[in-house]
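Overview (structure and organization)
Next come the chains, spelled out residue by residue.
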Amino acid sequence: MMSPRAVLLIATAGWLGLAGAASAADCSVDIEVGDALTYSVTQITPDASCETVTINLKHTGQLPAAVMGHNWVLSKPGDFDAITAAAPAAGPAKHYVPDDEKVIASTTLVGGGESTSIEVPMKGLSGEYVYFCSFPGHWAAMKGTLTIG
Ligand code: ZN
């Protein structure tokens, strides 16, 4: 009879095997947000073989977008301050995303029960990027990193 520890090791090895297989072919990321200032995923490391990465953002909360809207905006780390400084003026009609080439990719703003997704081309991107919610006041907490290569 196997000890509980042996069973645990086998379970861990199986999980790692599955995770490895999934990341090689999987070029999409599911991120959940709710009525708190949190992304369910704060680190994205796409496989080098991915030509695009699809971000699926799902708001599982109750509050409407006007009160607790969330989006997903990608930029270089050095452009974070400029984009977030301009976000409030962009306003809800533009999903709080400034019309600026520093914005590499951005989704629409979603409220409770809504989903959005975006396909981000990986061509030309390398190194570390930041993603964040540009709803005013959210970006300090709702922030993650996307690392390529
Ligand atoms: Zn938000």
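The present account deals with the structure reproduced in this document.

Rules used throughout
- Residues numbered from 1 in each chain as written.
- Predicted model: local features only at pLDDT ≥ 70, side-chain atom pairs only at ≥ 80, totals over all residues.
- Heavy atoms only, no water.
- Disulfide = S-S within 2.5 Å.
- Helix = DSSP H or I, 4+ residues; strand = E, 2+ residues; numbered from the N terminus.
- Buried < 20%, exposed > 50% of the residue type's maximum accessible area, 1.4 Å probe, protein only.
- Polar contact = N/O pair within 3.5 Å; in protein donor to acceptor, adjacent residues only side chain to side chain.
- Contact = heavy atoms within 4.5 Å.
- Donors = N, O, S within 2.8 Å, 3.2 Å for Na, K, Ca; no water.
- Tetrahedral: all angles 85-135°; square planar, octahedral: opposite > 155°, others 65-115°.
- Arc of directions from axis to C-beta.

Observations concerning the state of the cysteines
- Scanning all chains against the criterion turns up one disulfide.
- Two residues, Cys-27 and Cys-50, share a disulfide whose sulfurs are 2.0 Å apart. A torsion of -90° about the S-S bond marks the disulfide between Cys-27 and Cys-50 as left-handed. Within this pair, whereas Cys-27 is found in the loop between helix 1 (4-25) and strand 1 (28-33), its partner Cys-50 is found in the loop between strand 2 (43-44) and strand 3 (52-59), the two being separated by 23 residues in sequence.
- Using a relative accessible area of 5% as the deciding quantity, one classes Cys-50 as buried.

Quick look at unusual backbone geometry
- Phi at His-95 takes a positive value of approximately 60°, unusual for a residue other than glycine.
- Looking at the element boundaries, His-95 is found in the loop between helix 3 (80-90) and strand 5 (105-106).
- The backbone phi angle of Tyr-96 is positive, close to 60°, even though this residue is not glycine.
- Within the fold, Tyr-96 resides in the loop between helix 3 and strand 5.

Digging into the side chain of Thr-84
- Within the secondary structure, Thr-84 sits in helix 3.
- Accessibility expressed as a relative area gives 5% for Thr-84, which makes it buried.
- Polar side-chain contacts of Thr-84 include one of 2.9 Å to the backbone oxygen of Phe-80.
- In contact with Thr-84, not counting residues within four places along its chain, are Phe-132 and Trp-139.

Structural notes on the coordination of the zinc ion
- The protein atoms that coordinate the zinc ion are Gly-69 (O), His-70 (ND1), Cys-133 (SG) and His-138 (ND1), at distances of 2.0 to 2.8 Å.
- With four donor atoms in place around the zinc ion and angles of 79 to 131° between them, the coordination shape is irregular.
- Donor residues for the zinc ion sit on one chain with the sequence pattern G-H-x62-C-x4-H. Residue Gly-69 shares its accessibility class with His-70, and that shared class is buried.

A short note on the environment of Ser-49
- If you trace the backbone, Ser-49 turns up in the loop between strand 2 and strand 3.
- A distance of 2.6 Å separates a polar atom in the side chain of Ser-49 from a polar atom in the side chain of Asp-47.

So, the side chain of His-59
- Mapped onto the elements of the fold, His-59 is located in strand 3.
- Looking at His-59, its side chain comes within polar contact range of the main-chain nitrogen of Gly-61, at 3.0 Å.
- In terms of polar contacts, His-59 uses its side chain to reach the backbone carbonyl oxygen of Met-68, at 3.0 Å.
- Excluding residues within four positions of it along the chain, His-59 makes contact with Val-33, Gly-34, Asp-35, Met-68, His-70, Val-110, Gly-111, Gly-112, Gly-113 and Glu-114.

Thoughts on helix 3
- All of the buried residues in helix 3 are Phe-80, Ile-83, Thr-84, Ala-87 and Ala-90. Across the axial projection of helix 3, the buried residues extend over an arc of 110°, all falling on one side. Exposed and oriented more than 90 degrees from the buried face of helix 3 are Asp-81, Ala-85 and Ala-89.
- Check the buried side of helix 3 and you find it contacts strand 4 (73-75), strand 7 (127-132) and strand 8 (143-148).
- Positive backbone phi, approximately 80°, marks Gly-91, located one or two places after helix 3.

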